[in-house]
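# Close look at the chain arrangement
Here's the letter readout for the chains.
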Amino acid sequence: MAERCGSLLEACRRLATEPGLRPILGGTDLMVASPHERARQGRWLDLSCFDEMRGIAERGGSVWIGAATTFTALQADASIRRHFPALVAAASEVGGWQIQNRATLGGNVANASPAGDSLPVLAVLEAVVVLGSAAGDRLVERRVPYAGFHVGYRATALAPGEVILGFELPLPGPGLEQRFQKVGTRQAQAISKVVVALAGRCAGGRVQTLRLAAGSVAATPVRLRQAESAAVGLELAAAAEAAGSAARQETTPIDDVRSTAAYRSAVLGRVVRRLVLSLTPDSE
Amino acid sequence: MYRWGGCSKLAELTYIGTSPPRPDGPAKASGLSQYADDVAVAGLWFGETVRSPVAHGRLRSVGWRRAAPPGAVLVTAADLPGPNGVQLIDDGWPILAEGTVEHVGQAVALVAAPSRRAAVLAAAEVEVDIEELPPVFDLSEARRQPSLYELELGLGDPEAVLDQAETVVEGEYRTGHQEHIYIECQGMTARWHPSGPRVEVSGSMQCPYYVHKSMVHAFGLPEEAVRVRADAIGGGFGGKEDYPSLIAIHAALLARAVERPVRIVYDRQQDIIGTTKRHPATMRYRSAVDAEGRLLALDVLVELDGGAFTTLSKVVLSRALLHAAGPYRCPEVRVRGRVLRTHTAPNGAFRGFGAPQVAFGIERHMDAIGRRLGIDPLTLRQRNALVPGDRLPTGQIVDESTSALACLESVARRTDFVTRWTEYQAAQTETNGTPQRGLGLSLYFHGAGFTGNGERRMNSPASARLTPEGRIAVLSAMTDMGQGAVIVFRQIAGEAAGVTFDDLEFPEPDTNEVPNSGPTVASRTTMIVGQLVARAVREVSAQVADWWGEQQPAASPYTVKDGRVVGQDGRSTPFAAVARSYLEVHDALEVTVRHQPAPGPVFDETTYQGPAYPTYAWGADIAEVEVDPDTLAVRPLRMAVAAEVGRAIHPRLCIGQIEGGTLQAVGWGLLEEIKLDQGRYLNDRLATYIIPTAMDAPDLDVELLEAAFPDGPFGAKGIGELPMDGGAPAVVAAIENATGLVVDEIPATPERLFAAQMRERSDD
Ligand SMILES: Cc1cc2nc3c(=O)[nH]c(=O)nc-3n(C[C@H](O)[C@H](O)[C@H](O)COP(=O)(O)OP(=O)(O)OC[C@H]3O[C@@H](n4cnc5c(N)ncnc54)[C@H](O)[C@@H]3O)c2cc1C
């Protein structure tokens, strides 16, 4: 069972000083270890009770999402639905309903699986990750742009004792369309073999703005920068082809228990092509 | 959705053909049922298994790494009181590794401790020292070693016909491992008693008497010294036919060593690593056909991967060979097969028992013939399907209930098959990014009951006796693992005896209480043991009625109906009251009946000629799938299934079996795959061993057809395994119809379809 403590500050202090103590939110990553693994696991500190990690709110030019927000809550929130349909789409495809009721955005990001479904979405929405830690008797915040958060396979910019408080998502400009596609092993309760998110806009039949990111094709979720620049300025059909093949060139997926490198690479290209092609040719 | 086609509730029957609720339903739905891990036992300790980390090696030593953890006890092969083999068909499966290890996950030692956590931690303190030896995984390498078993059967001289034939079609088809994924993992509790039966085991099992036999063998005890009881069972699918014997011996070894009750319950990872699976198969088919696609000759070679030890492979192979030519007429047939040995976990019983593998082989092969000759799948099958009076490769003449054509008609009618199949085929090349659709057909049959002379040899008994309350207790060793024997046996007994469910009692399967009516396997429970139950209770009820007639001669003879003993004058008395009066003047009334094989020819186990099964159940599937042209993800949209079941005792449960089995077959065909690297499991958990969820299930439109089997209870045939045979070939054929991609190996994962697509493009 997870332990609790009175304040977030105390929690950060304990996490920084007690070896073997780990934060837990929904527990959907931590609690599914087999009894054999569990027998050897350390202790958990429950953060889900702290107000600092909760809530969804529009603040100036961005929307704040607390780390403890569940995927069910994301799907239900009016402001998320209005501004971030790709995040809603991702949230609705994580696990199944039971998982969505417990699993949190913060846990998904901190877990840092290259297959995490919300991760490419946060990348194309250019989120800022807000971190917190204890400095003496104060809780200090640090803001890390999403592009700099994942530093290696399951490695993040989190310092020891630092926790994710939440995310700031800049409001998308007018006409920015969002897309999300997950390729899993089955209809639900499936970890992605390839997952792609897109934010983009066309004008006069040509791609004007494009941000693409993918998961499960590299050690971390990746922005597909070459695909983006290959497509911008081109007429939609040509842009889709260019983005698809550039995406394949800039990634080197691997064979693993869920899929093959060859499949992932080809399907990444096809899904990128499909998503770009689905943009409205003229969003004015 | 389902329809109930050819069957109807016969007017004169009360329970047969109705779907009453199962008595254990509320407890199961509310979570009150006591499964192996739920039963409270005072002073219980927990056992853990130490497994081989390598596929093949010389076992140098096993022991505590450091000092023994306080309280923990270690058991190795050196502690065995008797022979080191699990008694199944033979006893080649070691209880604990000795001398060598033969697969990753083989049990090497056992540990018991006072808590589960302590047992897990103690097991990690056991050091296993193994000198690795070169393992064999590949069938081409396994072929160079002696086979575990070889068999051959046939009719005529196919070679001569194949040599002369104008059209010869050849193909190789492959199917993979399948893990049972019963909801409840394997679990067993054992304890030793100072008096009475010396050792008692209870837990999750299909066959209490198999466990009993292997316990007697392993501990060298007299039969009456061993008591085996089945708890509520959370699914089996064959996986609890062979393996419970091993885990029961393990639990009993630990209980003996610590002199306390000990429970071993696997978690899912242990269960996937340790237990038996469906045999992977490689099948080579060669056929000669005429211009209309009629089979002239067929030559089949079936190779099963047996894994490291034999378990039940011999009978799996024989069932595979007996079904390898499919439900088709062919004058010249040769079927050969062997079980090869590899350094992987032993493969064993799994719903269908070798038949689903060859059903995939023959059905893909029929599609290959159709493809070659340009004949649609339905017409080709209609031309070749067996009809009453045709001969199987064993020489058996199939009976009047042979329903292949009726099954085809049922599914084709409901799907408008040929028209839509032809349209989809024409649309294969229109790849505009929208999903492609396809239809696929399979036809199959399944021999009901034990193969060959199994039933004749076992000569199983079942009993019925009056209880002091005036009820009829029905005694059989059959277990209910979810399939519904609990209610189906009540219906059969109530109907046969003319009594109500309240007049019946069904003691739990316990080797101290019930006779050895054989294992709950091979689709034999309803058809074979159900018939024994019907005969036994009918006899008890008739004796009671006759005795009552002697007491009241005026209205004699008496009959038993709806729980009352009814005289010619129409006056009646409750059966229970009459039965109690009977027991006032008699000590007891107990009737035991044994299986009586039908008269006629007997199967010859050396030539493999004769009736291998008393009858066959028949089925046809049409699957409709949608394939994403980019990701090649396959979505089975809907399936029409026709199943000819003899008689549906409980139509709702019967359809449940068909639906569940079909989905299990679709999972095997599309998703389920054990991935091994040097014999190590890459996907030993449910996050990575992917089975279909409700969202992956097609809409199933099942039609039951009935053609009574005279030797089954009220005409019923065994149907538990039938639906496992048709799903995989139907969905794979539908993928071909949608995309043009020919896949002869399952699971047909998107990765495999992608590889086929790449091969095809490089061929262009
Ligand atoms: C059946 C099943 C299906 C699933 N399907 C999907 C899926 O489709 N897609 C997908 O992406 N994921 C899936 N997951 C994984 C999991 O549900 C998600 O990663 C989820 O978002 C994790 O959130 P959580 O709150 O449950 O995390 P937890 O399990 O509580 O924690 C996850 C990790 O994050 C750390 N952590 C938690 N909170 C913080 C914090 N505030 N600061 C720093 N570190 C923290 C924990 O220490 C732990 O390492 C599935 C899991 C299961 C069991």
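Small disclaimer: the values here were computed from a predicted structure and weren't measured.

Now for the pattern of salt bridges. Residue and element names in this part refer to chain B. Throughout the structure, instances matching the rule amount to 70 salt bridges over all chains. A salt bridge links Arg294 to Asp290; the shortest N-O distance between them is 3.9 Å. Overall, Arg294 belongs to the partly exposed group, its relative accessible area being 33%. Arg413 is paired through a salt bridge with Glu703; the nearest N and O atoms lie 3.0 Å apart. Of the two residues, Arg413 is situated in helix H11 (residues 404-415) and Glu703 in strand E29 (residues 699-705); the sequence distance between them amounts to 290 residues. Taking the relative accessible area as the measure of exposure, Arg413 reaches 46% and is therefore partly exposed. For Glu703, a relative accessible area of 6% corresponds to the buried category. Linked by salt bridges that have partners in common, Arg143, Glu172, Arg174, Arg284, Glu303, Arg338, Glu673, Glu745 and Arg752 make up one network.

What follows covers the confidence of the model for chain B. Residues and elements named next belong to chain B. Overall, the predicted model of chain B reaches an average pLDDT of 95, with 98% of residues at or above 70. Every residue in residues 1-8 is under pLDDT 50, and counting partners more than four places away or in other chains gives 28 contacts. Across the predicted assembly, pTM comes out at 0.96 and ipTM at 0.95.

What follows covers the domain arrangement of chain B. A common way to state how big an interface is: give the accessible area lost once the parts meet. Residues and elements named next belong to chain B. For chain B, the assigned domains are domain 1 (45-135 + 180-274), domain 2 (281-451 + 606-763) and domain 3 (460-594). Computed from C-alpha atoms alone, the centre-to-centre distance between domain 1 and domain 3 is 38 Å. Each partner contributes to the interface: domain 1 provides 19 residues, whereas domain 3 provides 15 residues. Regarding the contact of domain 1 and domain 3, the summed buried area is about 1300 Å², with carbon and sulfur atoms giving 56% of it. The tally of links between domain 1 and domain 3 comes to 1 salt bridge. Here Asp510 makes a salt bridge to Arg227, at a shortest N to O gap of 2.6 Å. Along the contact surface separating domain 1 from domain 3 lie 8 residue pairs in polar contact (both at pLDDT 80 or more). Among the elements that take part in the side of domain 1 that touches domain 3, strand E12 (residues 226-230) stands out by supplying 5 residues, more than any other.

Turning next to the sheet that holds strand E10 (residues 177-184) of chain A. Residues and elements named next belong to chain A. The 4 strands lie next to each other as E10-E11-E12-E13, forming an open sheet whose pairing is antiparallel. On the outer flanks of this sheet lie E10 and strand E13 (222-223), each paired with one strand and no other. Pairing of E10 with strand E11 (residues 192-203) involves 8 bridges; the strand directions are antiparallel. For Glu177, the partnering residue across the bridge sits in E11 and is Gly200. Against the sheet, helix H11 (residues 261-277) contacts E10, E11 and strand E12 (206-215), and its axis sits at roughly 25 degrees relative to E11.

Turning our attention to the pairing of E11(A). All names here are of chain A. When you tally the buried positions in E11, you get 11 out of 12 residues, the bulk of the element. Pairing analysis gives 9 bridges linking E11 to E12, with the strands arranged antiparallel. Within the sheet, the bridge partner assigned to Ala197 lies in E12 and is Ala213. Between E11 and E12, which follow one another and run antiparallel, lie 2 residues, and Gly204 among them has a positive phi close to 55 degrees.

This brings us to the nonpolar core. By size, the foremost hydrophobic cluster in this structure holds 178 residues, and its most contacted members are Val276(A) and Met215(B). Looking at this core, you find at least three residues from each of domain 1 (45-135 + 180-274) and domain 2 (281-451 + 606-763) of chain B. Excluding its chain neighbours within four sequence positions, the residues that come into contact with Val276(A) are Leu198(A), Val207(A), Leu210(A), Leu236(A), Ala239(A), Ala240(A) and Ala243(A). Residues Val109(A), Ala123(A), Val144(A) and Ala213(A) belong to the second largest nonpolar core, which totals 53 residues.

Attention now moves to the side chain of Ser113(A). By the secondary structure assignment, Ser113(A) is in the loop between helix H7 (105-111) and helix H8 (119-124). Among all residues touching Ser113(A), those that are not within four sequence positions of it are Leu119(A) and Arg154(A).

A few words on the site of the ligand. Residue and element names in this part refer to chain A. Inspection of the region around the ligand gives 32 residues, with Pro23, Gly26, Thr28, Asp29 and Thr104 positioned closest. The contact in question runs from an oxygen atom of the ligand to an N or O atom on the backbone of Gly26, over 2.7 Å. A distance of 2.9 Å is found between an oxygen atom of the ligand and a side-chain nitrogen or oxygen belonging to Asn108. In the complex, 91% of the free accessible area of the ligand, which totals 980 Å², lies under the protein chains. Of all elements in the fold, only strand E1 (21-24), H7 and strand E9 (163-170) reach the threshold of two or more residues within the shell around the ligand. With 4 residues, the top contributor of residues to the shell around the ligand is H7. Tallied by class, residues from the shell around the ligand come to 17 nonpolar, 10 polar and 5 charged.

Calculation criteria
- Residues numbered from 1 in each chain as written.
- Chains lettered and ligands numbered in written order.
- Predicted model: local features only at pLDDT ≥ 70, side-chain atom pairs only at ≥ 80, totals over all residues.
- Heavy atoms only, no water.
- Salt bridge = Lys/Arg side-chain N within 4 Å of Asp/Glu carboxyl O.
- Buried < 20%, exposed > 50% of the residue type's maximum accessible area, 1.4 Å probe, protein only.
- Helix = DSSP H or I, 4+ residues; strand = E, 2+ residues; numbered from the N terminus.
- pLDDT = per-residue confidence, 0-100.
- Contact = heavy atoms within 4.5 Å.
- Domains from an automatic or database assignment.
- Buried area = accessible area lost by both parts, 1.4 Å probe.
- Polar contact = N/O pair within 3.5 Å; in protein donor to acceptor, adjacent residues only side chain to side chain.
- Pairing = 2+ DSSP bridges.
- Axes fitted to C-alpha atoms, helices over the stretch in contact; angles between N-to-C directions.
- Core = buried A, V, L, I, M, F, W, Y, C linked by side-chain atoms within 4.5 Å.
- Near = heavy atom within 4 Å.
- Areas by Shrake-Rupley, 256 points an atom, 1.4 Å probe, with all protein chains shown as cover.
- Nonpolar A, V, L, I, M, F, W, Y, C, P; charged D, E, K, R; others polar.

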